[in-house]
Amino acid sequence: MIRMRMAAALAAPALLAVGLTGLAPTATAAPGTTPAPTAAATTTPHRVLFDNSKAETAGNADWIISTSQPDPLAQNASPSTEKSWTGALSAWGVALQKTGQYSLKTLPAGSTISYGTGAALDLANFDTFVVPEPNIRFSSAEKAALIRFVQNGGGLFLISDHNQSDRNNDGWDSPAVINDLLTNNGVNNNDPFGFSVDVKNISTDNPRAVNDAADPVLHGPFGTVTGSILRAGTTFTLKPADNPSVKGLLYRTGYSGTTGAFFVTSGYGSGRVAIWGDSSPADDGTGQSGNTLYDGWNDPAGTNAALALNATAWLSKA
């Protein structure tokens, strides 16, 4: 991937969060709705699972919060900076961990995504599932699990990358993997979340946020989002006829409406979805040796940390 490195510090205000009750695999709700978050009486941490089962570290990628998997706390139980954990998404994980309001795990390589099986890392045990640039096609059972997870109240955070970004050379890149999930999942094959991934390779842009003072992702507990960076990534086409709750929050320069969206949110059943068009903004520039990484997380051309963290909070109904 081609990226532009621009170092700067990004301060994120602390999160004031409340607990969240668990997800029940048997819960049901009407597709296409996004209910308001409800506060629970307990202080149960919001449970976030990061995926590493779909070649997220293939090639020059290092899209993990820690090499200690499934539990990043085994590497450092009191992380203070992104270097406390090893991975290019460690800044994301550490920022959540430091609030004291999140419980984080990773689904390791070789694992299967499941929902309702009773396994320890089953999606039913988590509030949000983050899938950063998947490079292996989801199985039929995994696709059904992902759709059911969202339908029954889960939060799904997808990150795509540009066309022809097949890092493990298996014939599948992240746009193809995600579009296959949206059109061939066996539950709802008609773009259930109301968007599709554009098969593009956009070299560089600085997408800007829409003007929406009430949006909880753009104006959330980790700060105000003004924009992001696009460094060899893609965009999304919105399909409100398939799901009227779909919403573009950031757009490529010169685009609006249903085309050129760079960050999109949607509701499905009683759950929520967010998708980002490039892995560069989440890259914190640190990770395992041998990878060439760039600090997009703190790039002054965007407010990427606030965007990732606010979206995680919204998906987790924090």
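Look above for the structure.
Residues numbered from 1 in each chain as written. Predicted model: local features only at pLDDT ≥ 70, side-chain atom pairs only at ≥ 80, totals over all residues. Heavy atoms only, no water.

Draft legend 1. Spatial organisation of the packing of helix α1 (residues 90-99) against helix α4 (residues 304-315). The contact between α1 and α4 brings their axes to 10 Å, and the two run at 55°. In terms of their interaxial angle, α1 and α4 are classed as oblique. Relative to α4, the crossing made by α1 is right-handed. Along its contact with α1, which presents W92, A95 and L96, the element α4 presents A308, L309 and T312. (Axes fitted to C-alpha atoms, helices over the stretch in contact; angles between N-to-C directions. Helix = DSSP H or I, 4+ residues; strand = E, 2+ residues; numbered from the N terminus. Parallel < 35°, antiparallel > 145°, perpendicular 65-115°, else oblique. Left-handed = near helix turned anticlockwise from the far one by under 90°. Contact = heavy atoms within 4.5 Å.)

Draft legend 2. The arrangement of the side chain of H162 in detail. Along the chain, H162 turns up in the loop between β4 (155-159) and α3 (174-183). Overall, the relative accessible area of 9% leaves H162 in the buried class. A distance of 3.4 Å separates polar atoms of two side chains, one belonging to H162 and the other to N201. (Buried < 20%, exposed > 50% of the residue type's maximum accessible area, 1.4 Å probe, protein only. Polar contact = N/O pair within 3.5 Å; in protein donor to acceptor, adjacent residues only side chain to side chain.)

Draft legend 3. Examining the pairing of strand β3 (residues 128-132) more closely. With respect to burial, β3 is a largely interior element, five of its five residues being buried. Both faces of β3 are covered, namely the face carrying T128, V130 and P132 and the face carrying F129 and V131. Where strand β1 (residues 46-51) lies against β3, three bridges are found, and the strand directions are parallel. Looking at β3, one finds that L49 is bridged to F129. Pairing geometry for β3 and β4, over five bridges, is parallel. Pairing of P132 across the sheet is with I159, part of β4. For the crossover from β3 across helix α2 (residues 140-151) to β4, the handedness is right-handed. (Pairing = 2+ DSSP bridges. Right-handed = clockwise from strand over helix to strand, strands pointing away.)

Draft legend 4. Summary view of the side chain of N185. The residue N185 is located in the loop between α3 and β5 (195-197) in this model. A polar atom in the side chain of N185 sits 2.8 Å from the backbone nitrogen of V187. Contacts of N185, omitting those with residues within four sequence positions, involve S140, K143, A144, I147, D180 and P192.

Draft legend 5. Focus on the packing of aromatic side chains. One pass over the full model with this rule turns up 10 aromatic pairs. Their ring planes at 90° and their centres at 5.4 Å tell us that F50 and W92 sit as a pair that is edge-to-face. You can see F50 sitting in strand β1 and its partner W92 sitting in helix α1, a full 42 residues away along the chain. Measuring from ring centre to ring centre gives 6.0 Å for F157 and F263, while their planes differ by 90°; the resulting arrangement is edge-to-face. Taken together, the residues F157 in strand β4 and F263 in strand β13 (residues 261-268) connect sequence positions 106 residues apart. Since its relative accessible area comes to 0%, F157 is described here as buried. (Phe/Tyr/Trp six-rings, centres within 6.5 Å; stacked < 30°, edge-to-face > 60°.)

Draft legend 6. Fine view of the environment of F263. Overall, the relative accessible area of 0% leaves F263 in the buried class. Once the C-alpha coordinates of F263 and G248 are considered, the two residues, 15 residues apart in sequence, prove to be 6.1 Å apart. Once residues lying within four places of it in the same chain are set aside, the contact partners of F263 are F157, V217, K247, G248, L249, L250, A274, I275, W276, L307 and A311.

Draft legend 7. How the structure looks around α4. For α4, with 12 residues, the first-to-last C-alpha span of 16 Å sits near the 16 Å given by 1.5 Å per residue. Buried residues dominate α4, accounting for 12 of its 12 residues. All of the buried residues in α4 are N304, A305, A306, L307, A308, L309, N310, A311, T312, A313, W314 and L315. Phi turns positive one or two residues past the end of α4, at K317, with a value near 60°. (Expected span 1.5 Å × (residues − 1).)

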